[in-house]
Structures are given as C-alpha cells and as structure tokens.
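Structural features, examined
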Amino acid sequence: QVQLVESGGGLVQAGGSLRLSCAASGRTFSSYAMGWFRQAPGKEREFVARITWSGGSSTYYTDSVKGRFTISRDNAKNTVYLQMNSLKPEDTAVYYCAAAMGSRWYQGIWDYWGQGTQVTVSS
C-alpha cells in the first residue's frame, strides 16, 4: 500500500511559478513510476507528466506543458516534484499525484492516487 500526499498548490499570477510536492509512504517508492494529472472544473482529468522508476528516470510531458513544467523525483525522500513555470490561467486545476507499480503506467494503470492540491492561476 502506498499513500500519496500532495502539497504546494496555491494562487499565483500568470507568468509565475509553483512547485508541487508529492510525499509517498512505503519502502518501495523507487519501484513506482510517478505521475502528475490535473482536472479543471467541468473537464475530465488529464495527464500532465510522468517519471519512471529506473535509474535514468525518463520523463514525459503532455504537449501543453512541455518547456514550462519539470517533473523530478528524490527516491531518498520518497518525494516527486512538479516545478511549474510560466503558468497560464488554463493551468488552473486540481493537481493529483499518482503512482504505478513497475510498468503498469504503460497500460494506463495507476495504482495509487493522492487527494489533490488546487492550483489557481489568475490573469
């Protein structure tokens, strides 16, 4: 069982930055791929970024955040981060952290979810 707790959300002006954190419980954190998703009001939840568990920690981003967001992880701290720069009003959403065991993310399967943290970008 893995528990995920997000933090770092808040209100920021367009062009500003925020860093989200997701702290995970459990001793096998390094075995999980970690992802960030978001859900805006009235919209479906969408994928934002992913980082795999391997030593090389490959990353992948949805097109709308490429060049602005950076996902990273610290396995020693059981924490994954999402650095968000050049924020836009359309980035406003509840951001969720998720964990997938091994390569299950490849099948679209995310095993654990956090409770979410609100990010609001004002124009």
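Here's what I pulled together on the structure shown here. For every chain, the first residue of the written sequence is number 1, and numbering continues from 1 onward in sequence order. Per-residue local features are limited, in this predicted model, to residues with pLDDT of at least 70; the limit for side-chain atom pairs, both in listing and counting, is 80 or more; totals at the level of whole chains, interfaces and linings are taken over all residues. As a rule here, side-chain values come from all non-hydrogen atoms in the structure, and water together with hydrogens is ignored.

1. Some thoughts on the environment of glutamine 118
Secondary structure counts use DSSP, requiring at least four H or I residues in a row for a helix and at least two E residues in a row for a strand, with both numbered from the N terminus. Turning to its location among the elements, glutamine 118 is positioned in strand β11 (residues 117-122). As a C-alpha pair, glutamine 118 and glutamate 6 span 112 residues in sequence and 9.7 Å in three-dimensional space. If near-sequence neighbours (up to four positions away) are discounted, glutamine 118 is found in contact with Gly9, Gly10, Thr92, Ala93 and Val94. Two N or O atoms count as a polar contact when they lie within 3.5 Å, although within protein this holds only if one can serve as hydrogen donor and the other as acceptor, and sequence-adjacent residues are included solely when both atoms are side-chain atoms. At 3.3 Å, the side chain of glutamine 118 forms a polar contact with the side chain of threonine 120. The contact definition used throughout considers only heavy atoms, calling two residues in contact when any of these lie within 4.5 Å.

2. Considerations on the packing of aromatic side chains
How two aromatic rings sit relative to each other is given by the distance of their centres and the angle of their planes. Any two of the Phe, Tyr and Trp rings considered here, Trp counted by its six-membered ring, make a pair once their centres fall within 6.5 Å; the pair's planes then place it as stacked at under 30 degrees, edge-to-face at over 60, or tilted in between. What the rule picks out here adds up to six aromatic pairs. With 5.7 Å between their ring centres and 75° between their planes, phenylalanine 37 and phenylalanine 47 make a pair best called edge-to-face. A residue pair is termed long-range when its members are at least 10 positions apart, and phenylalanine 37 in strand β4 (residues 32-39) and phenylalanine 47 in strand β5 (residues 46-51) qualify at 10 residues. Here phenylalanine 37 falls in the buried class, since its relative accessible area comes to 9%. Note on exposure labels: buried denotes an accessible area under 20% of the residue type's maximum, exposed denotes more than 50%, and partly exposed covers the range between, all computed with a 1.4 Å probe on protein chains only.

3. Brief notes about the nonpolar core
Core analysis: the largest hydrophobic core is formed by 30 residues, its most contacted members being Leu4, Met34, Trp36, Leu82, Met84 and Tyr95. Among the elements of the structure, β3 (18-24), β4, β5, β7 (69-74), β8 (79-84), β9 (93-101) and β11 are those that each provide at least two residues to this core. Buried Ala, Val, Leu, Ile, Met, Phe, Trp, Tyr and Cys residues that are joined via side-chain atoms within 4.5 Å together make up what is termed a nonpolar core. Counting residues in hydrophobic clusters, the runner-up holds six residues, among them Phe37, Ala98, Trp105 and Trp110.

4. A word on the pairing of β11
Of the two faces of β11, the one holding Thr117, Val119 and Val121 is buried and the one holding Gln118, Thr120 and Ser122 is not buried anywhere. Strand pairing is assigned whenever DSSP detects at least two bridges linking the two strands. Of the pairings in the sheet, the one linking strand β2 (residues 10-13) to β11 comprises four bridges and is parallel in character. Along β11, the bridge assignment pairs leucine 11 with threonine 120. Taken together, the three bridges between β9 and β11 define a ladder with antiparallel strand orientation.

5. Concerning the sheet that holds β7
Pairing in this open sheet of four strands is antiparallel, and the strands run β1-β3-β8-β7 from one edge to the other. Of all strands in the sheet, those with a lone pairing partner are β1 (4-7) and β7, marking the two edges. Within the sheet, the average angular offset between the axes of one strand and its neighbour, ignoring direction, is 15°. Of the strand pairs in this sheet, β3 and β8 are connected by six bridges, and their pairing is antiparallel. What sits directly across from leucine 18, in β8, is methionine 84. Where helices are involved, their axes are fitted lines through C-alpha atoms of the stretch in contact, as for all axes, and angles between N-to-C directions lie from 0 to 180°.

6. Describing the pairing of β4
For β4, a buried count of seven out of eight residues is recorded, marking the element as mostly surrounded by other parts of the structure. In this sheet, β9 lies alongside β4 in antiparallel orientation, the contact comprising eight bridges. Bridging from a neighbouring strand, arginine 38 pairs with tyrosine 95 of β9. For β4 and β5, the ladder comprises five bridges, and the chain directions are antiparallel. For arginine 38, the partnering residue across the bridge sits in β5 and is glutamate 46. If you look at the hairpin formed by β4 and β5, you'll find six residues sitting between the two strands, and glycine 42 has a positive phi there, around 75°.

7. Here we look at the environment of glutamate 90
Within the secondary structure, glutamate 90 sits in the loop between β8 and β9. Overall, glutamate 90 belongs to the exposed group, its relative accessible area being 56%. As a C-alpha pair, glutamate 90 and valine 121 span 31 residues in sequence and 7.6 Å in three-dimensional space.

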